[in-house]
Amino acid sequence: MAEWNAYYQNEDEEQEQEEAELSGDYKVLGRDSLVFLVDASKEMFIKAEDGQPSNFDMTMQVVRSVYTSKIISSHRDLMALVFYGTEQSKNPRNSFKHVYVYHDLDEPGAKRVQEVDALRGEKGAQLAAQTMGSGETSLGDALWCCANLYSDIKLRLSHKRLMIFTCRDEPHGGDNARDRQARTKASDLKETGVFIDLMHLIKPGGFDVSLFFRDIVSPPEDESELGLQLKPSDKLEDLQKRVRARETKKRALSRLSLSLGEGLNVAVGVYSTAVAARKPPSIRLYRETNEPVHSKTRTFHTQTGSLLLPSEIKKAQVYGKKQIVMEKDEVDSIKKFNDPGLFLIGFKPMEKLKLHHHIRPSVFIYPEEDEVKGSACLFSALLKKCSERNVFALCRSVFRRNYPPRFVALVPQMEEVDEGKVQVTPPGFNVIYLPYADDLRTLDPPRCPAASQTQVDKMKEIIYKLRFKYRSDAFENPVLQQHFRNLEALALDMVAPEDIEDLIMPKVDQIDQRLGPLVEEFKDLVYPAGYNPESKPAPKRKTADAGDGAEKKPKMEVTQDDLKAHLQNGTLGKLTVPVLKEACKQFGIRTTGTKKQDLIDALNDRLGS
């Protein structure tokens, strides 16, 4: 007998692992954490000459943006806001001077967003001067304070990141003792798993990272990390882009073994390149206290009402009018084909991969050197050779335990970098799911009149005029944007939600300007004279044999012998309700209801006797 608690788990315990990987050996479990360590010196409040906001104002806008995005995407992550170089001190036990902990390490909420909003703009700068002020700087004490924030957290943290925002490349003004202390504390933080990033801002004369901060920040975690950028951020969009690229931890859906042959395995991580954005699910609340309601499912015996344990429940499948009963272990063994992994079958030229082979979104695999040493080297060699010979690797895949196998094509993708040597496309294989023979259908396309060459050429001109370079990040889902703006307005007590621009609406004026007379010319070539697509079609006239339009009664389509045959085979349910009603009326059967089951029961009683 299975233990009760082993089966009926509390949903609160499972909620921590909602975003855990789908299968494989998990290395990332728990919550992400992010600490903003912001310089509050006087230099941060100096406005730019070209009308750009001050470095402090830009930083507060970025912090506010990350707070709101975390509330939407992963509200269980922990965040903190700490200022250093302040005149006033506020931190746990007030152990450190000139360090002001504005927000402890906790989940972001509406109140925190409002408090960050209060620090923006001219009024925000005045409030910061009154509340914190600007004083001496000791980055070592600030890092020590952040270490204490992490040590006070009793939850399991999967990823710990600290971002330093400053416009001073020498925060201590050449004080070697304080520089050494800061380097020591940064080293201690990195040893405890905290990743330190520098978000350096523009300053007169340029920001020299090599003077001090090169020894403070952490090295890139892998090749896909942006690494230390030497160019400082001078615009809000640039700073937001850099923060967004760093604060999101790239989590593997699963970690699998790519088997290239007997005893030759490569560890790879499976990543999703695109995920559909959806509205968060609604939360059920108890109407008297507004507390969340958690549901539990229990199974009871239909006759005795006794509670059933998992070991007392079996599964059945009807086959050939016989019920096949199976234990849970037997069902699992039937589902299992092999352990999760990728198994190389061979190689095919890229011409063999067709567009109609795409049946679901692809995933991306990248080597996991920490799992199996040498994986990156062998993976890189395989990727290079596949790209040089223009072939893809054909594999059999099992991505999850007890999942059916699929054939997949590993399409090579080489690394691409932009002008600033920042990685645009990572190296690896795109995993394309291939269809089985059962997935392919033979379609009978509708026959339409063929267009003339003149009509085709005219449409080509229209298409050429309307072409533009598509970027997925340039279009936001207006339904989601409006939904979250409404929630934000309610949470922050705003008078009205911010207006959104529906970017997927066609720009009619711009389209008309581009096309000019081409549309009218195409309509003259295709449609008859005087054709108006917006006019309603003429109503159809009723035929003479339609009579008064009375509904025809269904005719009796089965005889008594046919009904008895249906009764013996148990196929009465295949007959329609009108046919069953006519059959009951023909045999003088009075029914108590008009539902299909009532009619079938009445016919069973009469014909079965």
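Conventions and cut-offs
- Residues numbered from 1 in each chain as written.
- Predicted model: local features only at pLDDT ≥ 70, side-chain atom pairs only at ≥ 80, totals over all residues.
- Heavy atoms only, no water.
- Helix = DSSP H or I, 4+ residues; strand = E, 2+ residues; numbered from the N terminus.
- Buried < 20%, exposed > 50% of the residue type's maximum accessible area, 1.4 Å probe, protein only.
- Contact = heavy atoms within 4.5 Å.
- Areas by Shrake-Rupley, 256 points an atom, 1.4 Å probe, with all protein chains shown as cover.
- Salt bridge = Lys/Arg side-chain N within 4 Å of Asp/Glu carboxyl O.
- Pairing = 2+ DSSP bridges.
- Axes fitted to C-alpha atoms, helices over the stretch in contact; angles between N-to-C directions.
- Right-handed = clockwise from strand over helix to strand, strands pointing away.
- Phe/Tyr/Trp six-rings, centres within 6.5 Å; stacked < 30°, edge-to-face > 60°.
- Parallel < 35°, antiparallel > 145°, perpendicular 65-115°, else oblique.
- Left-handed = near helix turned anticlockwise from the far one by under 90°.
- Nonpolar A, V, L, I, M, F, W, Y, C, P; charged D, E, K, R; others polar.
- Polar contact = N/O pair within 3.5 Å; in protein donor to acceptor, adjacent residues only side chain to side chain.
- pLDDT = per-residue confidence, 0-100.
- Core = buried A, V, L, I, M, F, W, Y, C linked by side-chain atoms within 4.5 Å.
- Expected span 1.5 Å × (residues − 1).
- Arc of directions from axis to C-beta.

Turning our eyes to something else, we now look at the overall build of the chain. A tally of helices and strands in the chain yields 17 helices and 19 strands. Within the chain, buried positions represent 34% of all 609 residues. Taking all contacts inside the chain whose residues are at least 6 apart in sequence as the whole, residues at least 24 apart take part in 68%. A total accessible area of about 40000 Å² is found for the chain, and carbon and sulfur atoms account for 50% of it.

In this section: the pattern of salt bridges. Scanning the model with the defined rule gives 19 salt bridges in all. For Glu 327, the salt bridge is made with Lys 314, and the minimal N-O distance between the two is 3.2 Å. One end of the pair, Glu 327, is in the loop between β12 (322–326) and α9 (328–335); the other, Lys 314, is in the loop between β10 (307–308) and β11 (315–319), with 13 residues separating them in the sequence. Residue class for Glu 327 comes out partly exposed when judged on its relative accessible area of 35%. Glu 521 serves as the salt-bridge partner of Lys 458, at 2.7 Å between the closest nitrogen and oxygen. Linking Lys 458 in helix α11 (residues 453–466) with Glu 521 in helix α14 (residues 518–526), this pair joins segments that are 63 residues apart in sequence. A residue is classified by how much of its surface remains accessible, and Glu 521, at 33% relative accessible area, is partly exposed. Through salt bridges with shared partners, one network takes in Arg 64, Asp 117, Arg 120 and Glu 488.

Time to look at the sheet that holds strand β6 (residues 194–200). Strand order in the open sheet formed by five strands is β4-β3-β2-β5-β6, and the pairing between neighbours is mixed. Edge positions in the sheet fall to β4 (99–106) and β6, since each has one partner strand and no second. Averaged over neighbouring strand pairs, the angle between their axes works out to 15° when direction is ignored. Pairing between strand β2 (residues 31–39) and strand β3 (residues 78–84): seven bridges, direction parallel. Directly across from Phe 36, in β3, lies its bridge partner Leu 81. Contacts between helix α4 (residues 110–117) and the sheet are confined to β3 and β4, with β4 contributing the most and set at about 155° to the helix.

Turning our attention to the pairing of strand β5 (residues 157–166). By the criterion of burial, β5 is predominantly enclosed, with nine of the ten residues buried. Sheet topology places β2 next to β5; eight bridges connect them, and they run parallel. When the bridges of β5 are listed, Val 38 appears paired with Phe 165. With seven bridges connecting them, β5 and β6 associate as parallel partners. Each bridged residue has a counterpart across the sheet, and for Thr 166 the counterpart in β6 is His 200. The β-α-β motif built from β5, the intervening helix α7 (residues 176–191) and the parallel element β6 has right-handed crossover chirality.

Under the definition given, this model contains 13 aromatic pairs. Ring centres 5.9 Å apart and planes at 45° place the aromatic pair Phe 36 and Phe 165 in the tilted group. Note that Phe 36 is positioned in strand β2 and Phe 165 in strand β5, a separation of 129 residues in sequence. As far as burial versus exposure is concerned, Phe 36 and Phe 165 are alike and both buried.

Okay, the packing of helix α6 (residues 139–151) against α7 next. Look at α6 against α7: their axes get within 7 Å of each other, and the N-to-C directions meet at 20°. Between α6 and α7, the angle falls in the class roughly parallel. Relative to α7, α6 is oriented so that their crossing is left-handed. Contacts between α6 and α7 involve Leu 139, Gly 140, Asp 141, Leu 143, Trp 144 and Ala 147 on the former and, on the latter, Gln 181, Ala 182, Lys 185, Ala 186 and Leu 189. Grouping the constituent residues of the contact of α6 with α7 by class yields seven nonpolar, two polar and two charged.

Let us now look at the environment of Arg 120. Mapped onto the fold, Arg 120 is located in the loop between α4 and α5 (121–131). Taking the C-alpha atoms as reference, Arg 120 lies 9.7 Å from Pro 53; in sequence the two are 67 residues apart. Apart from residues lying up to four places away in sequence, Arg 120 is in contact with Asp 57, Met 60, Gln 61 and Arg 64. Among the polar contacts listed, one links the side chain of Arg 120 to the side chain of Asp 117, at a separation of 2.9 Å.

For the rest of this paragraph, the subject is unusual backbone geometry. The residue His 98 is not glycine, and still its phi comes out positive at about 60°. The phi angle at Asn 390 is positive, at roughly 55°, despite the residue not being glycine. Its place among the elements puts Asn 390 in the loop between α10 (375–389) and β15 (391–398). A residue is classified by how much of its surface remains accessible, and Asn 390, at 40% relative accessible area, is partly exposed.

Turning our eyes to something else, we now look at the confidence of the model for the chain. Overall, the prediction assigns the chain a mean pLDDT of 81, with 86% of residues at 70 or greater. Below pLDDT 50 for its whole length, residues 1–28 participates in 53 contacts with residues either more than four positions away or in separate chains. Below pLDDT 50 for its whole length, residues 223–228 participates in 17 contacts with residues either more than four positions away or in separate chains.

All right, on to the nonpolar core then. By size, the foremost hydrophobic cluster in this structure holds 33 residues, and its most contacted members are Leu 37, Leu 139, Leu 162, Ile 164 and Phe 213. For this core, the elements supplying multiple residues, two or more each, are β2, β3, β4, α6, β5, α7 and β6. At seven residues, the largest contribution of residues to this core is made by α6.

The next point concerns the packing of α11 against helix α13 (residues 508–515). One can describe the packing of α11 onto α13 by two numbers: an axis separation of 9 Å at closest approach and a directional angle of 130°. Comparing their axes, α13 and α11 come out oblique. The handedness of the crossing between α11 and α13 comes out as right-handed. When α11 is examined against α13, the residues Ile 462, Lys 465 and Leu 466 are found in contact with a partner set consisting of Ile 511, Arg 514 and Leu 515. Per-class residue counts for the contact of α11 with α13 are four nonpolar, no polar and two charged.

A rise of 1.5 Å per residue sets the reference length of α7, with its 16 residues, at 22 Å; its end C-alpha atoms lie 23 Å apart and thus fit the reference within 8%. Considered for burial, the residues of α7 that qualify are Asp 179, Ala 182, Lys 185, Ala 186 and Leu 189. Seen from one end, α7 has its buried residues packed into an arc of 130°, which puts them on one side. Exposed and facing more than 90 degrees away from the buried side of α7 are Asn 176, Arg 180 and Glu 191.

Here strand β7 (residues 254–261) pairs with strand β13 (residues 341–349) via two bridges, running parallel. Opposite Ser 259, over in β13, you have Phe 343 as the bridge partner. One ladder, built from eight bridges, connects β13 with β15; its direction is antiparallel. In the sheet register, Gly 341 faces β15, and the bridge partner there is Val 398.

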